[in-house]
Amino acid sequence: MAAPRAAPPRSPPAPRRLRLLLPLLLPLLLPAPSDGLGHSAELAFAVEPSDDVAVPGQPIVLGCRVEGTPPVRITWRKNGVELLESTHSTLLANGSLMIHHFRLDRGGSPSDEGDYECVAQNRFGLVVSRKARIQAATMSDFHVHPQATVGEEGGVARFQCQIHGLPKPLITWEKNRVPIDTDNERYTLLPKGVLQITGLRAEDSGVFHCVASNIASVRVSHGARLTVSGSGSGAYKEPMILVGPENLTLTVHQTAVLECVATGNPRPIVSWSRLDGRPIGVEGIQVLGTGNLIISDVTVQHSGVYVCAANRPGTRVRRTAQGRLVVQAPAEFVQHPQSISRPAGTTAMFTCQAQGEPPPHVTWLKNGQVLGPGGHVRLKNNNSTLTISGIGPEDEAIYQCVAENSAGSSQASARLTVLWAEGLPGPPLNVQAVSLSPTEVRVSWNEPLVNTKEIIGYVLHIRKAADPPELEYQEAVSKNTFQHLVSDLEPSTAYSFYIKAYTPRGASSASAPVLASTLGEAPAPPPLSVRVLGGSSLQLLWEPWPRLAQHEGGFKLFYRPASRASFTGPVLLPATASSYNLSQLGEADTDHAWGAGQGCGAWCQEVGRRGSVCFPAATELPVGAEVTQHSTTFPSDPTTVYEVKLLAYNQHGEGNATVRFVSLRGASERTALSPPCDCRKEEPTNQTSTTGIVIGIHIGVTCIIFCVLFLLFGQRGRVLLCKDVENQLSPPQGPRSPRDPSILALNGAGRGERGRDKKRVDMKELEQLFPPAGAAGQPDPRPVQDPGDPALCEETQFSMLPLEGFSLLEEMTSEAKAPFAGPAAALPPQDGGPGFLSEGQATRASTAPAAQPAHSGQ
């Protein structure tokens, strides 16, 4: 037979509740001692209202007690609006507010729910208490009812119910309409509405109900039946967590319940840890039931992620679940603002530092009204510092620092007293400011009307109109001077000026501020930097000047190769621009060169200003050959230096330009140029490799040295060489470089090989073989002689050698006049004469373009 149902706890009747509240309310209902108001000159709260829950139809008292110099007037605000006296509420003698019958918004009558503030005022100022939120007690229906459960003997059963209410409902459980025995260690009741039963037995079967109660109501959930079956099979079961911890958000001093229910065979061991590795601690920590973690009186340091682990005994097999605990803390002050007294015209500063979780937001009040930044009031450091510059009588008040977050709010107050000395002069009069130049303003004024005899000087306060007051600076002026020239100002900028007169006893009040803008001028050169982006691109960077846009300004960009006379540009850029990319600097210069028919030789021409190219040319133009014109594109030389010029302009004109020189060297690679025409050789066998030419030159040079030694130490015959050498030389087969005044011609074939094809010699390789005579910095010791001088012919000695394969020419005139500047191209001999150049032919060759053979790629 079921045990008789015990009566659930009910809330006491209303009159009884009021009698229970009277001992607590009595100190608030009685007036404060008379000496409590008179001993403290500062207006401050001794008792402030706090958050509360009221029962509809029942009375509620909001406490408030104020200390300060009497008389003190106390009023109340609800949601920021002053409450008027009525029969519904009464202001008690000590300043507390009593609402006789708390009501909700029903039938058109206003609700008493809301935020309440106590306001106190005396002749020094006004203060406002913290906000107290008053809510009506409520109880909702269950939105989660317990569910029927079947479990094995020795297993675990769990019931849960959820319900919302104000204040938070108290949850109890009944089995078969009888309150369960809380002393039974197998039964665990968690505050959030959970019942856990471990080590199930047959007698645990029954119907369970959840009972929720608070001052508003009592509610009972639906019944849920627990059925306990026979004992388990005893087979091994992996550990498993049935219910893990939930995410919780609590306020400090509350209790955290982290649930963890695990099953398995053998029964798993439940343990707890923090995800961040910090120790959980032992103070205020307990384990309820078989694995529930209870943390009493939580603090902010308890916030974190908690991990529940179910371990199989004797093994490393385990299962985990985790939940986050967030602990909030209402705002509280670390540093309160202090009351201060300051002379008029000086600066007053209040500091207020608050902490909380989440971090609180700080607001300042002046005599109960929100004080924002502006004028001579500044807020810094996340509103924790209040600065009032140039204080006057209107700034004398009570200032409050209000710190508020989601967990609560707090307030602290301080008083500002402005000190005035007797006999101080009045403010300077007729202050005027006139702009004289882009950097100078003249400020003039008249002396004050009263108390001028003790003036020892003036102080002019200067700042940009757009800057905060703390960035102002001062300049001192003698007492007999009524104008001052302010220099080193910025062009086209508005400035604010005011002035004070100083005496040994203090400063006068500030004059009325005046504004003046400096004159405009052309902008200064912009700071410019250049980056090479690639073989044909530059990036220009400079600081943006937003003020240029206010004066119809911008930037102008010019650029050119340094060797060119004219600039490309201007490129107009807006005032907001701060970079520009110059691209395609390597694009072509186009020039014209002349070739002939299909005959191919080798000669080069300077092209444009960005490079040079070698063109094919006929050594002997066939009769009737058609001369054609070629238009060719040339890539830029990476060694080319570019000049970049950037200037800023506005309506006052153009400023000086910033000039930078930059080379593309290192960002691009030169490539071999292909011949602009497809030259077809007359004979395939005419193709000679550069390597073969170089080997031949080495052999020729060796033979020449041997011949010279033989001439010096062998036969000493004198031969006069005075004949017309022009008929013995072939026409020049290639142009000479204008920097090469000497020519050394090698005939490696002799007369018997006169018909062989011409060979092209690589310029760089020849220069390596025949370094310039002046490269070492030594002048040529040979005398300078005229090639037409007969004495030269008479004194020249040659050894007549029976060498059929080599001929030697030493042109004394060219070698004597200038050091060797580079090798000439190999020239083939002409029919009817040895491979020597005549004087006239050498002269013509020297005027030809510089030879730069194109690589054939062989």
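Scroll up a little and you will see the structure.
Quantities reported herein were computed from a predicted structural model and do not represent experimental measurements.

(A) Just the sheet that holds strand 8 (residues 97-99), in detail. If you trace the three strands from one edge of the open sheet to the other, you get 3-8-7, paired in antiparallel fashion. Since the sheet does not close on itself, it has two edges, and those belong to strand 3 (60-62) and strand 7 (89-91), each with one partner. When strand polarity is set aside, the average angle formed by the axes of neighbouring strands in this sheet is 20°. Alignment of strand 3 against strand 8, held across three bridges, turns out to be antiparallel. The residue bridging Ile-60 from the neighbouring strand is Ile-99, located in strand 8.

(B) Structural view of a nonpolar patch on the surface. On the surface, Ile-705, Val-708, Leu-709, Leu-712 and Phe-713 cluster together to form a nonpolar patch covering roughly 520 Å² of accessible area. One can find Phe-713 in helix 4 (residues 690-713).

(C) Expanded view of the pairing of strand 16 (residues 170-175). Direction of pairing for strand 16 relative to strand 20 (residues 206-213): antiparallel, over a ladder of six bridges. What sits directly across from Ile-171, in strand 20, is Ala-212. Taken together, the two bridges between strand 16 and strand 17 (residues 178-179) define a ladder with antiparallel strand orientation. Bridge pairing in strand 17 links Lys-175 to Val-178.

(D) A look at the state of the cysteines. Scanning the entire structure with this criterion turns up four disulfides. One disulfide in the model links Cys-64 with Cys-118; its S-S distance is 2.0 Å. Every disulfide takes its handedness from the sign of the S-S torsion; for Cys-64 and Cys-118 that torsion is -70°, giving left-handed. Here Cys-64, found in the loop between strand 3 and strand 4 (65-67), pairs with Cys-118, found in strand 9 (residues 114-122); they are 54 residues apart in sequence, far enough to count as distant.

(E) Expanded view of the packing of aromatic side chains. Applying the stated criterion across every chain yields a total of nine aromatic pairs. On the basis of an interplanar angle of 55° and a centroid distance of 5.4 Å, the ring pair of Trp-542 and Phe-555 is categorised as tilted. On the criterion of sequence distance, the pair formed by Trp-542 in strand 50 (residues 537-542) and Phe-555 in strand 51 (residues 554-561) is long-range, its members being 13 residues apart. Comparing Trp-542 with Phe-555, the two get one shared label, buried. An aromatic cluster is defined as three or more aromatic residues linked by ring pairs; in this entry it consists of Phe-159, Trp-173 and Phe-208. If you follow Lys-556 out to its NZ or CZ, it ends over the ring of Tyr-649, 5.2 Å from the centre.

(F) Up close: unusual backbone geometry. With omega at -10°, the peptide bond leading from Leu-166 into Pro-167 counts as cis. Cis peptide bonds are those with omega within 30 degrees of zero, and the linkage from Gly-569 to Pro-570 qualifies with 10°. Along the chain, the position of Pro-570 falls in strand 52 (residues 568-574). Backbone geometry places Asn-176, a non-glycine residue, at a positive phi of 55°. One non-glycine residue with positive phi stands out, namely Asn-383, at about 70°. Relative to the helices and strands, Asn-383 is located in the loop between strand 37 (377-380) and strand 38 (385-388).

(G) Geometry of the side chain of Glu-117. Its place among the elements puts Glu-117 in strand 9. Among buried Asp, Glu, Lys and Arg side chains, Glu-117 stands out as unpaired, with Arg-77 the closest opposite charge at 4.3 Å. Aside from chain neighbours lying at most four places away, what touches Glu-117 is Thr-75, Trp-76, Arg-77, Gly-80, Val-128, Ser-129, Arg-130 and Lys-131.

Parameters at a glance
Residues numbered from 1 in each chain as written. Predicted model: local features only at pLDDT ≥ 70, side-chain atom pairs only at ≥ 80, totals over all residues. Heavy atoms only, no water. Pairing = 2+ DSSP bridges. Helix = DSSP H or I, 4+ residues; strand = E, 2+ residues; numbered from the N terminus. Axes fitted to C-alpha atoms, helices over the stretch in contact; angles between N-to-C directions. Patch = residues over 30% accessible without salt bridge, like charges linked within 9 Å, V, L, I, M, F, W, Y side chains within 5 Å. Areas by Shrake-Rupley, 256 points an atom, 1.4 Å probe, with all protein chains shown as cover. Salt bridge = Lys/Arg side-chain N within 4 Å of Asp/Glu carboxyl O. Disulfide = S-S within 2.5 Å. Phe/Tyr/Trp six-rings, centres within 6.5 Å; stacked < 30°, edge-to-face > 60°. Buried < 20%, exposed > 50% of the residue type's maximum accessible area, 1.4 Å probe, protein only. Lys NZ or Arg CZ within 6 Å of the ring centre and 35° of its normal. Lys, Arg positive; Asp, Glu negative; His and termini not counted. Contact = heavy atoms within 4.5 Å.

Bear in mind that shape data such as this cannot, by itself, settle questions of function.
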